[in-house]
Amino acid sequence: MTDQHLGSTPHTATLSGLRSLKRAQAVIVAALVFSGLMLLNSFLSPYPLSYFDISFLASGGATTAIAAAGQTLVILSGGFDLSAGAVVSLVNAVLATSMDPANAEASVLLWTAVGIATGMGVGAVNGFFVAVMRLQPIVVTLAVMFIVQGLTLLIMATPGGFVSPSLASFYLGDTLPGLLPAPLTLLGVLILAWLWLKRTAFGVALFAVGSDPEAARATGLRTRTVTFVTYMLAGGLYGLAGVFVSAQTGSGDPLVGNALLLPTFAAVVIGGTRLGGGKGGIPGTILGAYILMIVVNLLLSLNVSAYYATIAESAVLLVAVLAGSLSKNSPLSQRLRELKDALAARRKGWLVSQRPKADRRLAFTQPSGTAPKLSLMQRYGATLRHALPAWLCLVLVLIATQLVLGGVFTGWRYWDSLLVLSSFLAILALGQGAVILTGGLDLSLPWCIALSGVLMTGLVGGQDAGLLVALPVVFAVAALIGLANGLGVVALGLSPIVVTLAMNGILQGAALIWSGGTPAGFAPPALRWLMTGKILGVTPVILFMIAFAALAILLLGRTVFGRRVYAVGNSALAARLSGVRTGRVIVSVYILSALCAALVGVLLAGFSGQASLGMGDDYLLPSIAVVVVGGALITGGRGHYAGMLGGALLLTAMQTLLAGTALPFAFRSVFFGLVILMAVIALRE
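In what follows, the accompanying structure is described. All of these numbers come straight from a predicted model, not from anything done at the bench. (Residues numbered from 1 in each chain as written. Predicted model: local features only at pLDDT ≥ 70, side-chain atom pairs only at ≥ 80, totals over all residues. Heavy atoms only, no water.)

A word on a positive patch on the surface. Together, Arg563, Arg564, Arg581 and Arg584 give the surface a local cluster of positive charge. Topologically, Arg584 is positioned in helix H24 (residues 582-608). A relative accessible area of 56% places Arg584 in the exposed class. (Patch = residues over 30% accessible without salt bridge, like charges linked within 9 Å, V, L, I, M, F, W, Y side chains within 5 Å. Areas by Shrake-Rupley, 256 points an atom, 1.4 Å probe, with all protein chains shown as cover. Salt bridge = Lys/Arg side-chain N within 4 Å of Asp/Glu carboxyl O. Lys, Arg positive; Asp, Glu negative; His and termini not counted. Charge placed at Lys NZ, Arg CZ, Asp CG, Glu CD. Helix = DSSP H or I, 4+ residues; strand = E, 2+ residues; numbered from the N terminus. Buried < 20%, exposed > 50% of the residue type's maximum accessible area, 1.4 Å probe, protein only.)

Before going further, it helps to examine the packing of helix H25 (residues 620-629) against helix H26 (residues 641-659). Angle between the axes and distance between the axes: these two values describe a pair of packed helices. Here H25 crosses H26 at 125°, and the two axes come no closer than 7 Å. In this view, H25 runs oblique relative to H26, as classed from their interaxial angle. Along this stretch, H25 crosses H26, giving a crossing that reads as right-handed. Facing H25, whose interface residues are Pro622, Ala625, Val626, Val627 and Val629, H26 presents Gly643, Met644, Gly647, Ala648, Leu650 and Leu651. Taken together, the residues of the contact of H25 with H26 sort by class into nine nonpolar, two polar and no charged. (Axes fitted to C-alpha atoms, helices over the stretch in contact; angles between N-to-C directions. Parallel < 35°, antiparallel > 145°, perpendicular 65-115°, else oblique. Left-handed = near helix turned anticlockwise from the far one by under 90°. Contact = heavy atoms within 4.5 Å. Nonpolar A, V, L, I, M, F, W, Y, C, P; charged D, E, K, R; others polar.)

Together, Val395, Leu396, Ile399, Leu403, Val404, Leu405 and Phe409 make up an exposed nonpolar region whose accessible area comes to about 700 Å². By secondary structure assignment, the location of Leu405 is in the loop between helix H15 (376-404) and helix H16 (413-437).

Let us look at helix H10 (residues 223-249). Between its terminal C-alpha atoms H10 stretches 39 Å, which fits the 39 Å expected from 27 residues at 1.5 Å a residue. Directly after H10, the chain includes Gly250, whose backbone phi takes a positive value near 75°. (Expected span 1.5 Å × (residues − 1).)

Counting residues in hydrophobic clusters, the biggest one holds 207 residues, and the most contacted among them are Leu167, Tyr171, Met456, Ile624, Tyr641 and Ile676. When residues in this core are grouped by element, the largest group, 16 residues, is from H24. Non-local contacts of Tyr171, meaning those with residues more than four positions away in its chain, are made with Val108, Thr112, Ala182, Pro183, Leu186, Leu240, Val243, Phe244 and Ala247. (Core = buried A, V, L, I, M, F, W, Y, C linked by side-chain atoms within 4.5 Å.)

Mapped onto the fold, Leu262 is located in helix H11 (residues 261-270). With relative accessibility at 9%, the residue Leu262 sits in the buried group. Leaving out residues up to four positions away in the same chain, Leu262 has contacts with Thr310, Glu313, Ser314, Leu317, Leu501, Ala502 and Gly505.

All right, on to unusual backbone geometry then. Look at Arg134: it is not a glycine, yet its phi comes out positive at around 60°. Position of Arg134 among the secondary structure elements: in the loop between helix H4 (108-132) and helix H5 (137-155). Taking relative accessible area as the criterion, Arg134 reaches 40% and is therefore assigned partly exposed. Its identity is not glycine, yet Leu536 carries a phi of approximately 55°, on the positive side.

Tallying each qualifying case throughout the model produces zero disulfides. Between Cys596, a cysteine without a disulfide, and Cys448, which holds the nearest cysteine sulfur, the sulfur-to-sulfur distance is 9.9 Å. For Cys596, a relative accessible area of 4% puts it in the buried group. (Disulfide = S-S within 2.5 Å.)

All chains considered together, the criterion is met by ten aromatic pairs. Ring centres of Phe170 and Tyr171 lie 5.0 Å apart, and the angle between their planes is 85°; on these two criteria the pair is classed as edge-to-face. Taking the centre distance of 5.9 Å and the plane angle of 75° together, the rings of Phe424 and Phe607 count as edge-to-face. Highlighted residues: Phe424 in helix H16 and Phe607 in helix H24, separated in sequence by 183 residues. Accessibility expressed as a relative area gives 2% for Phe424, which makes it buried. Overall, the relative accessible area of 35% leaves Phe607 in the partly exposed class. Taken together, the ring pairs connect Phe170, Tyr171 and Phe244 into an aromatic cluster. (Phe/Tyr/Trp six-rings, centres within 6.5 Å; stacked < 30°, edge-to-face > 60°.)

So, in structure tokens, the structure goes:
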């Protein structure tokens, strides 16, 4: 017996060592890639690598690395956090507006604590809605992102302010002069803290919750507490990243963190953390952040335009996610096996489509009598229950607008303006709504809108004849964008959030490259007439929108395609077993979403007379908000375009009411975020 125990010890130790090696594999690969890129960077540089270069690189990637460390915690728990960059901006604005310019030696410890506490406060809000209210992390953090962005603009509308030089001395100086830069010391402390944290009871629970939350709950773990604390810790790291970037800039910028969203996700994935939770860690993420930075620096060293930066980051993100998901059971491997089996079956004539066309259906006895007629409420009761609240709220907002501003019920002018301004959201509601009905989300809308507008104005040259060429090109490009999104989700099995976020970065780079950073050209007269002209006192686009809404209701409610969209949203597996080609349906809704975004880009250019970069940024959250406010279930399977149309009119009417008050423009982001949170809570099942 003793011999058996003694004999099993080396075997157990070997298995433990193999598991440890497997867990460290991603970090080892990231370290090798990082070393290779550093060697390549040194080879391309005409000067040898110096301590100054190391210090400069360390400080350059630290903000992304710290923020990505927070993102790692959230992803390990099985969630997503889209508010990271907004928290960084908020902390930067708070520090820049709160520090006394007369005090050049402010307390580093105090202001670091202020930044971390601010981030943890936002993280607590995220954690409350995700852990306690059980809302989807994507929707919660997206809404909180816009709320925080609005609050940041209320605190600091334009760049400026003052950040004490003492922060720069502490965070950007040397821990050991000439040997160890302070940013590397800070990252080393984070790694040590992580190595301690993952061995605590909380760390073990974090991996358990990310691997299988139901099993973790069944074993007695307090999964809600773990999730709540995770979001708080992540917020604290975002706050620390905000302190660091404040030390770098020496001032405030309300938009400083906006560009961090894509790099933080890319760093997490490159570092080996698995999307979906349960595997990964902060050391790999930090290496991933620096790999991403060096890739961008290499492009600049090769005289590649900075406009390609977001394309490079997006490409690295997609490659890393795909590489991390490649396995024998990955969706891509399954698709390739299915394709191989289908080709083999076709050669042997075994496909259903190759069989004789004889009617093999069983003959059933026709039921006697006639089917009972359903009442209006029996047929449309569920739709009315979810769609009607948006229209009722619209009536209340219209009454409030009449009392505050007047002119609602006394003339056509208000209604004409309301219908024109809501047309953009009404169009986006069809595309984004179809995606949400299948259980997905399209984050590529902002730059799909911008690229379409910029592409159209650049092609038409301000002439109506140019529309004959420009519009087919714009919509063909949009269809390809949607096709790429759909294939990324279906064929590669990637998360819709990752695919569409990466696509948004690619489109941003494409728009910058096409326009050279300065969009040229103007909308043609016919398009401007459509958006601003009159037919018997009615703006022509309103007539177009009436036809569009009717077709949208028919498409989702009365066609085979619409029924399949709902089937996929309710249960993709059940739909597949019922004979629905779920892959084609999912690809189709992403193509539809991109086409709707392209149409909005064209109409926006016609409305303003020209296109601008970033013209779609204000439409991401509203495009989701109108779908949710219209009664759709954010997890898919429930909703109606009539409700989404009511949501578009409601949000536009609310925006018009707010514009007539003394509230700052920045409050609009706060308002939209609050509306979507309240709607998700009120309409959830």
